[in-house]
Structure formats: C-alpha cells, structure tokens
Amino acid sequence: MRSVLATAVAFLLVLFQTETVLAANLVAQVNLSSQTMTVTQNGVVKHRWRVSTGRKGYTTPTGSWSAKWASRNHRSRKYNNAPMPYAIFFKGGYAVHATYETRRLGRPASHGCVRLSPNDAATFYQLANRHGLPNTRIVITR
C-alpha cells in the first residue's frame with residue numbers, strides 16, 4: 001500500500017512540475033530607442049530581435065501589459081486590410097506581429113505596432129501560446 005501511495009505522490013509531483021514549467025513567465029521587453037525586443041523566460045534571455053515601432057506621426061505606447069489575445073492570420077481593420085500575421089495583441093489594436101517589410105526593421109516604420117520578421121514573430125507567437133497569454137508580458141520602454 002505504501003509503495004502505491006509513494007508512486008502516486010511521485011506521479012503528481014512530476015505532473016505539477018511540468019505544469020509549472022509551462023506556466024513560466026515570458027517577457028518581451030521592447031526598447032524604442034534601440035528598436036529591439038528581448039524575450040526572457042523566467043529571467044533568462046532566450047531571444048533578441050530587431051523590431052520596427054511607430055514612425056513619425058504614430059506612437060507606440062509605453063508601459064507594461066499582459067498579452068490579451070492572439071491571431072495567426074490577422075488583417076488590420078484600420079489600415080487597408082494590411083496583413084498582421086502571428087499577432088499577439090496587448091493593448092486595444094496594438095500588437096506584436098510579423099512584417100514583410102524586413103528591410104525596415106531596426107528603425108521606426110509602423111503605425112504603432114511592434115513589428116518583427118516573420119520567423120521571429122512566429123517564434124514569439126508560438127512561445128506566447130505555449131506559455132499562455134496571461135503569463136506573457138509585453139513591456140515597452142523608451
């Protein structure tokens with residue numbers, strides 16, 4: 001009987017440890033000055049990418065938000081049905097998403113969203129969904 005109980009306890013510990021790993025904190029730190037996004041998981045840097053944020057006349061908001069919702073093949077309702085693949089929305093219509101204008105990465109070029117290369121956006125999209133949107137934080141600083 002004790003061995004069955006010990007096995008059950010061990011199984012539950014492994015089960016809860018796996019769940020804790022999946023609920024890890026994922027943070028995307030966007031720096032407007034350097035036009036970069038650094039992704040950390042549990043405080044460990046996993047990725048550092050070039051981004052494009054709001055160009056002159058368009059602002060990217062600063063602050064800290066949890067991810068609200070995700071859309072794999074989103075299209076902008078505000079800007080002529082523009083593609084916004086791998087979108088992670090964090091504040092109203094603002095999102096981290098892919099752009100096909102990769103030559104503009106590293107300098108302000110968007111209408112306010114945070115734009116990444118398609119491969120980087122797909123990676124971030126997958127990470128945010130795997131760890132859970134409530135566990136994903138987007139922090140934007142000057």
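The coordinates are above.
What counts, and at which threshold
- Residues numbered from 1 in each chain as written.
- Predicted model: local features only at pLDDT ≥ 70, side-chain atom pairs only at ≥ 80, totals over all residues.
- Heavy atoms only, no water.
- Phe/Tyr/Trp six-rings, centres within 6.5 Å; stacked < 30°, edge-to-face > 60°.
- Helix = DSSP H or I, 4+ residues; strand = E, 2+ residues; numbered from the N terminus.
- Buried < 20%, exposed > 50% of the residue type's maximum accessible area, 1.4 Å probe, protein only.
- Pairing = 2+ DSSP bridges.
- Axes fitted to C-alpha atoms, helices over the stretch in contact; angles between N-to-C directions.
- Contact = heavy atoms within 4.5 Å.
- Salt bridge = Lys/Arg side-chain N within 4 Å of Asp/Glu carboxyl O.
- 1 Å grid on protein atoms, 1.4 Å probe; cavity = no way out; pocket = protein on both sides within 12 Å on 5 of 7 lines; lining within 4 Å.
- Points joined across faces, edges and corners; volume = space filled by probe spheres on them.
- Nonpolar A, V, L, I, M, F, W, Y, C, P; charged D, E, K, R; others polar.

Asker: Explain the packing of aromatic side chains to me, and be specific about the residues and the numbers.
Answerer: For any pair of aromatic rings, the description rests on two quantities: the centre-to-centre distance and the angle between the ring planes. Counted according to the given criterion, the structure contains four aromatic pairs. Residues Tyr-58 and Tyr-79 carry aromatic rings whose centres are separated by 6.3 Å and whose planes lie at 80° to one another, so their mutual orientation is edge-to-face. With Tyr-58 in the loop between strand 3 (44-50) and strand 4 (63-66) and Tyr-79 in the loop between strand 5 (69-75) and strand 6 (83-91), this pair connects stretches of sequence that are 21 residues apart. Note on Tyr-86 and Tyr-125: the rings are 5.7 Å apart at their centroids and 65° apart in plane angle, and the pair reads as edge-to-face. Within this pair, whereas Tyr-86 is found in strand 6, its partner Tyr-125 is found in helix 2 (residues 118-131), the two being separated by 39 residues in sequence. Owing to a relative accessible area of 16%, Tyr-125 belongs among the buried residues under this scheme.

Asker: Hey, could you go over the sheet that holds strand 8 (residues 114-116) for me, with residue numbers and the actual values?
Answerer: Strands sit in the order 5-6-7-8 across an open sheet of four strands; the sheet is mixed. One side of each edge strand has no neighbouring strand; the edge strands of this open sheet are strand 5 and strand 8. The sheet shows a mean angle of 25° between the axes of neighbouring strands, taken without regard to direction. Relative to strand 7 (residues 94-98), strand 6 is paired through three bridges, and the arrangement is antiparallel. Following the sheet pairing, Lys-91 is matched in strand 7 by Tyr-94. Against the sheet, helix 2 contacts strand 5, strand 6, strand 7 and strand 8, and its axis sits at roughly 45° relative to strand 6.

Asker: Please set out unusual backbone geometry residue by residue, giving values where relevant.
Answerer: Phi angles above zero are rare outside glycine, and Asn-81 is one such case at about 60°. On the secondary structure map, Asn-81 appears in the loop between strand 5 and strand 6. Even without being a glycine, Tyr-86 presents a positive backbone phi close to 55°.

Asker: Can you explain the sheet that holds strand 3? Please cite residues and give values.
Answerer: Reading across the sheet, the five strands line up as 3-2-1-9-4 and stay open at both edges, with mixed pairing between neighbours. This sheet does not close on itself; its edge strands, each paired only once, are strand 3 and strand 4. Each strand of the sheet is rotated relative to its neighbour by a mean of 15°, with strand direction disregarded. Sheet topology places strand 1 (residues 26-31) next to strand 9 (residues 136-141); six bridges connect them, and they run parallel. Looking at strand 9, one finds that Asn-31 is bridged to Thr-141.

Asker: Describe the pattern of salt bridges, listing the residues and the values that go with them.
Answerer: As a working rule, side chains carrying opposite charge can pair if their charged atoms are close by. In total, this model carries one salt bridge according to the counting rule given. When the shortest N-O distance is used, the salt bridge between Glu-101 and Arg-104 registers 2.8 Å. Since its relative accessible area comes to 33%, Glu-101 is described here as partly exposed.

Asker: Kindly report on the layout of surface pockets, identifying the contributing residues and their values.
Answerer: Quantified by volume, the largest pocket comes out at close to 610 Å³. Lining the largest pocket are 28 residues, with Ser-76, Tyr-79, Met-84, His-111 and Cys-113 sitting closest to its centre. Those elements giving two or more residues to the lining of the largest pocket turn out to be strand 5, strand 6 and strand 7. Tallied by class, residues from the lining of the largest pocket come to 12 nonpolar, 10 polar and six charged.

That's the geometry; what it means functionally is another story.
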